[in-house]
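The primary structure of each chain is shown beneath.
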Amino acid sequence: AFNNQKKTTIEGKGVLNNRISEYILTNLSQCGIKTHFVKRLNMREQLIKKAEIFPIEFIVRNIATGSLTKRLGISEGTVLERPLLEYCYKKDELNDPLISKEHIFSFGWADENEIKQIDKMTLRINDLLSGMFRGVGIKLVDFKIEYGKAWNKDTEKKEIVLADEISPDTCRLWDNITDKKLDKDRFRKDLGDLIPAYTEVAKRLGILHEQSNVSVVNVTKLSSIKRKKR
Ligand code: 5GP
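In this text the structure is predicted, and so the values were computed from the model without any measurement. Throughout, residues of each chain are indexed from 1 in the direction in which the sequence is written. For this predicted model, a pLDDT threshold of at least 70 governs which residues receive local features, and a threshold of 80 or more governs which side-chain atom pairs are given and counted, while totals over whole chains, interfaces and linings are taken from all residues. Excluding hydrogens and water, the side-chain figures rest on all heavy atoms present in the structure.

Caption draft 1: Local environment of the pairing of strand β8 (residues 147-152). Two strands are said to pair when DSSP picks up at least two bridges between them. Numbering goes from the N terminus for both helices and strands, where a helix is a DSSP run of H or I of at least four residues and a strand is a run of E of at least two. Pairing of strand β3 (residues 52-53) with β8, which is carried by two bridges, proceeds in the antiparallel orientation. Within β8, the residue paired with Glu-52 across the bridge is Lys-149. By the bridge criterion, six bridges tie β8 to strand β9 (residues 157-162) in an arrangement that is antiparallel. Within the sheet, the bridge partner assigned to Gly-148 lies in β9 and is Val-161. The antiparallel hairpin formed by β8 and β9 contains four residues in its connecting segment, where Glu-156 sits at a positive phi of about 55°.

The following block contains the structure:
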């Protein structure tokens, strides 16, 4: 978190994110969104298309929280009248600073047509994800995604694809009724119970069955036992 300033290892998180991201990207792809995702290979790995990544993080906000409230003094939890699109320059050393479209064009990080296409895709993804989460009692507060250019072997051209994971690590997800945080803010803000929250998201999406909680824990234990043995 916070560009690597806060670090830890949370056993089992990758397994959950892998499944959640697979589910979301597969659903988006069925709705016509082009993505880098090919298939999940196993519990911790995915096969994806190679893409040249735009050095930009695309952030969509539906409810004000996080850096928006700090930067502009907007009250926490304010429901925005329309989704707010923000751009950040992907540069860890600079803390991924907020930039405008003019910065993107001036420095050639993407051209006007590309940004027009990406903005449209991003707002469509926001609509699809908001509906997906609303259906399982979760508010999609905000999220970050990245895009790249990947080769399409059918058209023999490069095309813009969503090239990122989408998971509770990259989205803010609040329970619809209680506003309980079911995302990475549990780690950022030391709220604890991160794995139960991510498991809750997976279960609500219908990815894990009730007893799967046990198997995630078992797999985690198993992998740490294997590591200790080595
Ligand atoms: P904020 O700007 O409020 O910190 O973050 C806005 C949204 O983008 C949140 O959902 C946050 O999780 C996501 N986000 C922003 N930057 C990053 C990043 O570098 N990595 C990840 N995983 N998510 C990010």
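Caption draft 2: A look at the packing of helix α1 (residues 13-30) against helix α4 (residues 112-134). In this analysis an axis means a line fitted to C-alpha atoms, helices contributing only their contacting stretch, and an angle means the value between N-to-C directions, from 0 to 180 degrees. Two elements in contact, α1 and α4, have axes separated by 11 Å at closest approach and are oriented at 125°. The pairing of α1 with α4 is recorded here as oblique in orientation. Between α1 and α4 the crossing geometry is right-handed. In contact with Tyr-23, Ile-24, Asn-27 and Leu-28 of α1, α4 contributes Ile-125, Leu-128, Leu-129, Met-132 and Phe-133. Residue classes follow a fixed rule: Ala, Val, Leu, Ile, Met, Phe, Trp, Tyr, Cys and Pro count as nonpolar, while Asp, Glu, Lys and Arg count as charged, and any other residue, Gly among them, counts as polar. Per-class residue counts for the contact of α1 with α4 are eight nonpolar, one polar and no charged. Oblique is the label for any angle not under 35 degrees, not over 145, and not in the 65 to 115 range, which are roughly parallel, roughly antiparallel and roughly perpendicular in turn. A crossing counts as left-handed when the near helix is turned anticlockwise from the far one by less than a right angle, and as right-handed when that turn is clockwise. We call two residues in contact whenever any of their non-hydrogen atoms come within 4.5 Å of each other.

Caption draft 3: Representation of the packing of aromatic side chains within the structure. Planes of paired rings set the category: under 30 degrees apart is stacked, over 60 is edge-to-face and the rest tilted, where pairs are Phe, Tyr or Trp rings (Trp by its six-membered ring) whose centres lie within 6.5 Å. A complete count under the given rule lists four aromatic pairs for this structure. Their ring planes at 15° and their centres at 4.0 Å tell us that Tyr-89 and Trp-109 sit as a pair that is stacked. Taken as a pair, Tyr-89 in strand β5 (residues 79-89) and Trp-109 in the loop between α3 (101-106) and α4 lie far apart in primary sequence, 20 residues in all. Accessibility assignment for this pair places Tyr-89 and Trp-109 in one class, buried. Among the aromatic residues, those joined into a ring-pair cluster are Phe-58, Tyr-87 and Tyr-147. Classification of residues uses two cut-offs on accessible area relative to the type maximum, computed with a 1.4 Å probe and protein chains only: under 20% is buried, over 50% is exposed, and between them is partly exposed.

Caption draft 4: Here's a closer look at a nonpolar patch on the surface. Here a patch means residues that are over 30% exposed by relative accessible area and free of salt bridges, tied together within 9 Å if like-charged and within 5 Å if nonpolar (Val, Leu, Ile, Met, Phe, Trp, Tyr). Under the convention used here, a 1.4 Å probe and the Shrake-Rupley method define accessible areas, while residue burial counts only the protein chains that appear. Criterion for a salt bridge: a side-chain nitrogen of Lys or Arg within 4 Å of a carboxyl oxygen of Asp or Glu. Taken together, Val-38, Leu-41 and Leu-47 make up a surface patch of nonpolar side chains, about 240 Å² in accessible area. As for its placement among the helices and strands, Leu-41 is situated in the loop between β1 (37-40) and β2 (46-48).

Caption draft 5: Expanded view of the environment of Asp-190. Mapped onto the secondary structure, Asp-190 falls in the loop between α5 (185-188) and α6 (194-204). What makes Asp-190 exposed here is its relative accessible area of 63%. Excluding residues that lie within four positions of it along the chain, Asp-190 makes contacts with Lys-6 and Asp-185. Whenever two N or O atoms come within 3.5 Å, that pair is a polar contact, provided that in protein one can donate a hydrogen and the other can accept it, and provided that, for residues adjacent in sequence, both atoms are side-chain atoms. There is a polar contact of 2.7 Å between the side chain of Asp-190 and the side chain of Lys-6.

Caption draft 6: Broad picture of the side chain of His-36. In this structure, His-36 sits in the loop between α1 and β1. Excluding anything up to four places from it in sequence, His-36 contacts Leu-25, Leu-47, Ile-48, Lys-49, Val-161, Leu-162, Ala-163 and Asp-164.

Caption draft 7: Quick peek at the pairing of strand β10 (residues 171-175). For β10, a buried count of five out of five residues is recorded, marking the element as mostly surrounded by other parts of the structure. Burial along β10 is two-sided: the face carrying Cys-171, Leu-173 and Asp-175 and the face carrying Arg-172 and Trp-174 are both buried.

Caption draft 8: Fine view of the sheet that holds β8. One open sheet accounts for three strands, arranged β3-β8-β9; its pairing is antiparallel. Of all the strands in the sheet, the pair left with one neighbour each is β3 and β9. The strands touched by α4 within the sheet are β8 and β9, with β9 carrying the most contacts at an inclination of about 40°.

Caption draft 9: Inspection of the pattern of salt bridges at higher detail. Counted by the stated rule, this structure contains 19 salt bridges. A salt bridge links Asp-164 to Lys-144, with the shortest nitrogen-to-oxygen separation between them at 3.0 Å. In this pair, Asp-164 is assigned in the loop between β9 and β10 and Lys-144 in strand β7 (residues 138-145), connecting sequence segments 20 residues apart. Look at the salt bridges and you will find they share partners, linking Arg-61, Arg-71, Glu-86, Asp-142, Arg-172, Asp-185 and Arg-188 into a network.

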